[in-house]
Amino acid sequence: MRAERELAIAIVGATGAVGSEVLRTLEERQFPVGEVRLFASARSAGEFLEWRSGEARVEDLESAAFADVDVAFFCAGGAVSAEYAPRAVDAGAVVIDKSSHFRMHPDVPLVVPEVNSCDLAERHLGIVASPNCTTIPIVVALKPIVDAVGIERVVASSYQAVSGGGKRGIEALSRETVDLLNMRAPGGDEREAVFPRRIAFNCIPQVDAFLEDGSTREEAKVIAETRRVLHLESLPIAVTCVHVPTFYGHAVALTVELAQPLDAADARQLLREAPGVILCDLEGDMQYPTAADVGGTDAVYVGRVRNDPSHPHGLQLWVAADNVRKGAALNAVQIAEILAREI
Ligand SMILES: NC(=O)c1ccc[n+]([C@@H]2O[C@H](COP(=O)([O-])OP(=O)(O)OC[C@H]3O[C@@H](n4cnc5c(N)ncnc54)[C@H](OP(=O)(O)O)[C@@H]3O)[C@@H](O)[C@H]2O)c1
């Protein structure tokens, strides 16, 4: 893409799983970056990250000034966004926030460009939110089906990679796997545990904290965000989110009750033509994407498209995408590409 001029970019959380991917994605997609400012905590201030043919230095966020920054990507968690994103906006930047902090704020658009880029045209506070990494593949896959026949209910079960828990999640799976393969009890400080149980050679049906009704915060986010992005505020959705011992790539099994019958072959055709989707399900050859296939790629992959034998208007799909790329960094950069046309 080409803006009128090169833009000054800030990445808050630049040393993390998402922030470092934002930096790579800006370069890969030739985003018109003039100056780049990288921020993290005092722990990593002074480090250097690869940028173009050289390096860029990481600064301590605490002493950050956002003067002259055009676009600030926030990838450092909700508490950091709550405190620093308004400061960046006051200094004149547009913020693209990867945390959940502003996602349900009525004056903050929650955007997946292939699905609801129209929401960027609404009045906003200078902050645009990017959804949760499980929400994004769900809405990209559902959008063409919603438009064609409408949907009445969704049941989703996720299989989420450890990188969804950031760089500490990746380290936890690596460390536990090495320990177990060496016949040692998994080490690490329990007080700093990323996952509520051992993740190596295990599956954990808990992502984030429990709520009073027995669901988890992750499940509640996926429900609320899916409704908001699809503009289906009262859509019935049931979600179970599960951590699995893969490094990159979230997968979701979707069972969808449609408003009208839709043959699986017609659903495949809709998905084949949908923006951002790669259909792996060539009729008859039973192809499907796995986490290992989608790591490091940009699309939302869909396979196992079939009619649900338990419901007259039912459709089942298997959806997978790289949670750090389309689930986070790429989605944020795509939002910036749209906004940059107006800066
Ligand atoms: N990982 C995913 O798949 C994914 C997907 C969608 C959304 N998100 C969201 O994106 C955000 C970042 O996630 P992540 O996975 O990249 O986490 P991460 O790997 O743990 O990285 C966190 C980043 O934030 C910085 N940071 C933490 N506390 C800070 C503070 N007080 N002041 C300044 N910088 C601070 C860290 O800096 P240091 O290096 O100095 O510690 C690091 O750069 C989170 O809000 C997360 O929910 C993540």
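Worth saying up front: this structure is predicted, and the values here are computed from it rather than measured. (Residues numbered from 1 in each chain as written. Predicted model: local features only at pLDDT ≥ 70, side-chain atom pairs only at ≥ 80, totals over all residues.)

**Considering the pairing of strand β6 (residues 94-97)**
Part 1 of the reasoning: Of the two faces of β6, the one lined by Val94 and Ile96 and the one lined by Val95 and Asp97 are each fully buried.
Part 2 of the reasoning: Pairing of strand β5 (residues 71-74) with β6 involves four bridges; the strand directions are parallel. By the bridge assignment for β6, alanine 72 is matched with valine 95.
Part 3 of the reasoning: You can see the chain leave β5, run along helix α2 (residues 78-90) and come back into β6, and the turn it takes is right-handed.
Part 4 of the reasoning: Note: β6 against strand β7 (residues 127-129), three bridges, orientation parallel. Residue pairing for β7: isoleucine 96 is matched across the bridge by valine 128. (Buried ≥ 20, exposed ≤ 12 C-beta atoms within 10 Å, placed from the backbone. Helix = DSSP H or I, 4+ residues; strand = E, 2+ residues; numbered from the N terminus. Pairing = 2+ DSSP bridges. Right-handed = clockwise from strand over helix to strand, strands pointing away.)

**Things to note about the sheet that holds strand β13 (residues 314-321)**
Part 1 of the reasoning: Ordered in space as β9-β8-β10-β13-β12-β11, the six strands form an open sheet in which the pairing is mixed. Pairing within the sheet leaves two strands with one partner each, and these edge strands are β9 (237-243) and β11 (277-279). The average angle at which neighbouring strand axes cross in this sheet is 20°, direction not considered.
Part 2 of the reasoning: Bridge count between β11 and strand β12 (residues 300-307): three bridges; the pairing is parallel. Following the sheet pairing, leucine 279 is matched in β12 by valine 302.
Part 3 of the reasoning: In the packing of helix α4 (residues 135-149) onto the sheet, contacts are made with β8 (151-160), β10 (250-258), β11, β12 and β13, and the angle to β10 comes to roughly 20°.
Part 4 of the reasoning: Relative to β12, helix α7 (residues 264-272) is tilted by about 165°, and along the sheet it contacts β11, β12 and β13. (Axes fitted to C-alpha atoms, helices over the stretch in contact; angles between N-to-C directions. Contact = placed C-beta atoms within 7 Å.)

**A few points about the pairing of β10**
Part 1 of the reasoning: Two strands pair when backbone bridges link them, and β8 and β10 are joined in this way by eight bridges, in the antiparallel orientation. Each residue of the ladder has a partner; that of valine 154, found in β10, is valine 256.
Part 2 of the reasoning: In this sheet, β13 lies alongside β10 in antiparallel orientation, the contact comprising eight bridges. Within β13, the position partnered with histidine 250 by the bridge is alanine 321.

**Considerations on the site of the ligand**
Part 1 of the reasoning: Near the ligand you find 29 residues, and of these Gly13, Gly16, Ser41, Ala76 and Gly166 are the closest.
Part 2 of the reasoning: Among the residues making up the shell around the ligand, the classes are represented as 11 nonpolar, 14 polar and four charged. (Near = placed C-beta within 6 Å. Nonpolar A, V, L, I, M, F, W, Y, C, P; charged D, E, K, R; others polar.)

**A few points about the domain arrangement of the protein**
For an interface, size is often stated in terms of accessible area lost upon the parts coming together.
Part 1 of the reasoning: One can read the domain layout of the protein as domain 1 (7-131 + 328-340) and domain 2 (135-161 + 203-322).
Part 2 of the reasoning: Taking only C-alpha atoms, the centre of domain 1 and the centre of domain 2 are 27 Å apart.
Part 3 of the reasoning: Opposite the 11 residues of domain 1 that make contact, domain 2 presents 15 residues.
Part 4 of the reasoning: Elements with a contribution of two residues or more to the side of domain 1 that touches domain 2: α3 (113-116) and α9 (325-340).
Part 5 of the reasoning: For the side of domain 1 that touches domain 2, the element with the most residues is α3, which contributes three residues.
Part 6 of the reasoning: Partitioning the side of domain 1 that touches domain 2 into residue classes produces six nonpolar, three polar and two charged. (Domains from an automatic or database assignment.)

**Considering unusual backbone geometry**
Part 1 of the reasoning: For aspartate 208, which is not glycine, the phi torsion reads 75° and is therefore positive.
Part 2 of the reasoning: Its place among the elements puts aspartate 208 in the loop between α5 (166-181) and α6 (217-230).
Part 3 of the reasoning: Located in the positive-phi region is histidine 231, a residue other than glycine, with phi close to 60°.
Part 4 of the reasoning: Along the chain, the position of histidine 231 falls in the loop between α6 and β9.

**A few points about α5**
Part 1 of the reasoning: For α5, spanning 16 residues, the distance from its first C-alpha to its last is 23 Å, which sits close to the expected 22 Å at 1.5 Å a residue.
Part 2 of the reasoning: Those residues of α5 that fall on the buried side of the exposure criterion are Gly169, Ala172, Leu173 and Glu176. Take α5 and look down its axis: the buried residues cluster within an arc of 95°, on one side only.
Part 3 of the reasoning: Of the residues one or two after α5, methionine 183 is the one with positive phi, at around 60°. (Expected span 1.5 Å × (residues − 1). Arc of directions from axis to C-beta.)

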